[in-house]
Amino acid sequence: MPPAEKTLDEILTLAAAHFKVPREKLSPDDDFFKALGIDSLQALDLLTKLENHFHVELPDYELQGVADFRTLAGKIQARL
Amino acid sequence: MKQYQGQTLSWELKDRVIEMALHREPLNEIGSQTLEELEKFVAVLEALSHDAHALIVYSTLKGGFSAGADLRQLYGWIQEFGQSEVARHAREYLQRIHAVMNALDAAPLTTIAAIHGVTFGGGFELALTCDLMIADKLARFCFPELRLGLIPSFGGIPRLKRDVGNAVVRDLLLTGRSFNTTKAQQIGLVSQVVGEGEALRAARATASQMAKFDRTTTRWAKKFIKPIPLDELRQEIDIFCELLPQPAVQAGLKKFVENTSAQPYLP
């Protein structure tokens, strides 16, 4: 699996597990607020979980306007 | 008085440890009511310290430690007092806040902030008054004030400067970005990182250890290693009151108060 696809897959798996949503219900281009049913505070939890998992820092200003898993994966991939 | 049950916070002295629980919905926004209840606590702190060796501050709310100052109240003051008078009103309020924060900073016992979740702005500033921060892995810290055209005003900058390097202070303030517990430990703010939901337990264990030490020695050590930057704290109030009447601040606060997007806690 190419690195970017692997990152995306890990994000989907981690988000599904943390917010207790079936993994198969999540798609890369989903709006994660809607797909996970989360609010802004839970989005911060997700951000922290992802930073801890990938051992990266994601300045939240870089995530402004980002709402789909694929774009999020691209932001993380750029810092790996 | 061994316990207190307030609207925004409660505390109890038990087994020589005072535990203060913050519980103002939605996320421990610090406004006038919280200030009054903190003032009541500070008024009895010296007396309580005869029977206690540690103070633990924590939040009972799922979302985190505190989202910071009550910005809706601040925006309301601008509407109520107008741009010409709001700075005077804010100065009086901030002097009271600083008196409380300084008293907590210099508390005659060891203080521990047990942190989870959102720890932003004024909530972060409250945590910075404590001797130790113990945070769980999902805690998130931020000074978002510059997004609103303001600077932190509860003593945040001088206390941050006391505890970490100036480059870190500039990064956190000038970007307004949030950062996680791992980063907070790397820069020297958080002394212990624990698993999710474990901060209070770890704080209690740490408080137990501190009970073994001589009280007088602990007080002297604290006075020596944790000076209160009083001059800079006064300057902070001056700068905040200079900025507050600016139109950009009113616009920033209005945008925040009226924000209905899904990400109000993000920049």
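**Here's the deal with the overall build of chain A**
Next up, step 1: A tally of helices and strands in chain A yields four helices and zero strands.
Next up, step 2: The globule rule puts the C-alpha radius of gyration for 80 residues at 12 Å, and the 11 Å found for chain A is close to it.
Next up, step 3: Considered along the principal axes of its C-alpha atoms, chain A spans approximately 30 × 25 × 20 Å.
Next up, step 4: Evaluated residue by residue, chain A yields a buried proportion of 26% over its 80 residues.
Next up, step 5: If you take every contact in chain A between residues at least 6 apart in sequence, the share linking residues at least 24 apart comes to 53%.

**A look at the environment of Phe81 of chain B**
Residue and element names in this part refer to chain B.
Next up, step 1: Take Phe81: it is sitting in helix H2 (residues 71-105).
Next up, step 2: Note on Phe81: 15 C-beta atoms within 10 Å, which makes it partly exposed.
Next up, step 3: With sequence-adjacent residues up to four places away left out, Phe81 is seen in contact with Val86 and His89.

**Here's the deal with the interface of chain B and chain A**
Next up, step 1: The interface of chain B with chain A comprises 17 residues on the first partner and 15 residues on the second.
Next up, step 2: Within the side of chain B that touches chain A, the residues separate by chemical class into seven nonpolar, six polar and four charged.

**A few points about the confidence of the model for chain B**
Next up, step 1: On average, residues of chain B score 93 in pLDDT, and 97% of them are at 70 or above.
Next up, step 2: For this predicted complex, the interface confidence reaches an ipTM of 0.87, while the overall pTM sits at 0.94.

**Looking at the pairing of strand E2 (residues 9-14) of chain B**
Residues and elements named next belong to chain B.
Next up, step 1: Judged from the three bridges that link them, strand E1 (residues 3-5) and E2 form a sheet pairing that is antiparallel. Each bridged residue has a counterpart across the sheet, and for Tyr4 the counterpart in E2 is Trp11.
Next up, step 2: Hairpin connection of E1 to E2: three residues between the antiparallel strands.
Next up, step 3: Of the pairings in the sheet, the one linking E2 to strand E3 (residues 17-22) comprises six bridges and is antiparallel in character. Bridging from a neighbouring strand, Ser10 pairs with Ala21 of E3.
Next up, step 4: Linking two consecutive strands that pair antiparallel, namely E2 and E3, is a turn of two residues; a positive phi of about 50° is found at Asp15 within it.

**Overview of unusual backbone geometry**
Residue and element names in this part refer to chain B.
Next up, step 1: Along the chain, Glu25 connects to Pro26 via a cis peptide bond; the corresponding omega equals 0°.
Next up, step 2: Assignment of secondary structure puts Pro26 in the loop between E3 and helix H1 (32-48).
Next up, step 3: We note that Asp15 has phi near 50°; this positive angle belongs to a residue other than glycine.
Next up, step 4: Along the chain, Asp15 turns up in the loop between E2 and E3.
Next up, step 5: Positive phi outside glycine occurs at Arg16, with the angle close to 65°.
Next up, step 6: Its location among the elements puts Arg16 in the loop between E2 and E3.

Cut-off values and rules
- Residues numbered from 1 in each chain as written.
- Chains lettered and ligands numbered in written order.
- Predicted model: local features only at pLDDT ≥ 70, side-chain atom pairs only at ≥ 80, totals over all residues.
- Helix = DSSP H or I, 4+ residues; strand = E, 2+ residues; numbered from the N terminus.
- Rg over C-alpha atoms; globule rule 2.2 N^0.38 Å.
- Buried ≥ 20, exposed ≤ 12 C-beta atoms within 10 Å, placed from the backbone.
- Contact = placed C-beta atoms within 7 Å.
- Nonpolar A, V, L, I, M, F, W, Y, C, P; charged D, E, K, R; others polar.
- pLDDT = per-residue confidence, 0-100.
- Pairing = 2+ DSSP bridges.

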